[in-house]
Amino acid sequence: MEYAEKLVWLRRYRESQKVERELAQELEQLRSQAERITPVLSATPGGGGNGQQLPAIVERIEDIRSQMTGRIEQGLTARTEIAEAIDQLTDAQELEILRRRYLLGQRWGEIAQEMNLNRRWAMRLHRRAVEKLEIKEDCEIRH
């Protein structure tokens with residue numbers, strides 16, 4: 001696997017978490033919308049809509065919950081695979097850089113500061129570590 005492909009493979013966990021957060025936000029918006037819907041109890045004409053808005057929202061909520069469950073499972077699988085690949089490294093600094101970057105989602109400035117490294121040196125160590133990674137063939141890139 002080439003360097004660029006390894007980066008895509010390593011980013012899977014953080015990207016999964018991002019989609020998970022987006023789904024959670026959408027779910028919260030739908031819940032709020034569902035709580036604002038009140039059924040028409042009057043027999044007098046004048047209400048708009050066909051009375052199907054709440055069931056449609058509930059159906060969408062269930063769809064998003066299902067998507068979130070799948071995304072959480074994908075994220076956990078990706079995290080496990082990534083952690084196992086990173087743990088193969090023997091150099092402690094390289095291992096820590098990859099863990100901070102791909103499992104904790106830290107930015108380069110944070111990594112360099114917390115590890116007392118120059119930012120450019122941290123990035124060089126990162127590249128060296130990624131190039132050393134041996135990713136199993138069965139660990140394909142899934143989107």
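Below is a short write-up of the structure. Treat the numbers as computed from the prediction; the structure is a model and nothing was measured.

1. Describing the overall build of the protein
Then comes step 1: The secondary structure content of the protein amounts to 6 helices and 0 strands.
Then comes step 2: Start at the N end of the protein and walk to the C end: the helices and strands fall as α-α-α-α-α-α.
Then comes step 3: Classification of the 143 residues of the protein by burial places 32% in the buried group.
Then comes step 4: In the protein, 68% of the contacts between residues at least 6 apart in sequence involve partners at least 24 apart.
Then comes step 5: Only carbon and sulfur atoms are counted for the fraction: they give 47% of the accessible area of the protein, which is about 9,700 Å².

2. Things to note about the packing of aromatic side chains
Then comes step 1: Enumeration according to the criterion identifies 0 aromatic pairs in this entry.
Then comes step 2: Residue placement shows Arg79 over the ring face of Tyr13; its charged tip is 5.8 Å from the ring centre.

3. A short note on the nonpolar core
Then comes step 1: Ranked by internal contacts, the top residues of the largest apolar core, which has 19 residues, are Leu10, Ile82 and Leu98.
Then comes step 2: The greatest single-element share of this core, amounting to 5 residues, is contributed by helix α3 (residues 53–86).

4. A closer look at the environment of Gln33
Then comes step 1: On the secondary structure map, Gln33 appears in helix α2 (residues 12–36).
Then comes step 2: Using a relative accessible area of 28% as the deciding quantity, one classes Gln33 as partly exposed.
Then comes step 3: Residues Gln33 and Leu54 lie 21 residues apart in sequence; the distance between their C-alpha atoms is 8.9 Å.
Then comes step 4: Other than its neighbours up to four places away in sequence, Gln33 contacts Gln53 and Ile57.

5. Overview of helix α4 (residues 92–103)
Since the α-helix packs 3.6 residues into each turn, any two residues three or four apart lie on the same face.
Then comes step 1: Here α4 spans 16 Å end to end across 12 residues, near enough to the 16 Å set by a 1.5 Å rise per residue.
Then comes step 2: Burial in α4 covers these residues: Glu94, Leu95, Ile97, Leu98, Arg100, Tyr102 and Leu103.
Then comes step 3: Those residues of α4 hidden inside the fold are in contact with α1 (3–10), α2, α3, α5 (108–114) and α6 (119–132).
Then comes step 4: The residue sitting at the N-terminus of α4 and contributing the capping side-chain oxygen is Asp91; that oxygen lies 3.0 Å from the backbone nitrogen of Gln93.
Then comes step 5: Within two residues after α4, Gly105 carries a phi angle of roughly 75°, on the positive side.

6. As for the environment of Arg119
Then comes step 1: Along the chain, the position of Arg119 falls in helix α6.
Then comes step 2: Residue Arg119 is classed as partly exposed on the basis of its relative accessible area of 47%.
Then comes step 3: Spatially, the C-alpha atom of Arg119 lies 6.5 Å from that of Trp108, the residues being 11 residues apart in sequence.
Then comes step 4: Once residues lying within four places of it in the same chain are set aside, the contact partners of Arg119 are Trp108, Gly109 and Ala112.

7. Structural notes on unusual backbone geometry
Then comes step 1: One non-glycine residue, Asn116, adopts positive backbone phi at about 55°.
Then comes step 2: For Asn116, the location among the structural elements is in the loop between α5 and α6.
Then comes step 3: Here Asn116 falls in the exposed class, since its relative accessible area comes to 71%.

The rules behind the values
- Residues numbered from 1 in each chain as written.
- Predicted model: local features only at pLDDT ≥ 70, side-chain atom pairs only at ≥ 80, totals over all residues.
- Heavy atoms only, no water.
- Helix = DSSP H or I, 4+ residues; strand = E, 2+ residues; numbered from the N terminus.
- Buried < 20%, exposed > 50% of the residue type's maximum accessible area, 1.4 Å probe, protein only.
- Contact = heavy atoms within 4.5 Å.
- Areas by Shrake-Rupley, 256 points an atom, 1.4 Å probe, with all protein chains shown as cover.
- Phe/Tyr/Trp six-rings, centres within 6.5 Å; stacked < 30°, edge-to-face > 60°.
- Lys NZ or Arg CZ within 6 Å of the ring centre and 35° of its normal.
- Core = buried A, V, L, I, M, F, W, Y, C linked by side-chain atoms within 4.5 Å.
- Expected span 1.5 Å × (residues − 1).
- Polar contact = N/O pair within 3.5 Å; in protein donor to acceptor, adjacent residues only side chain to side chain.

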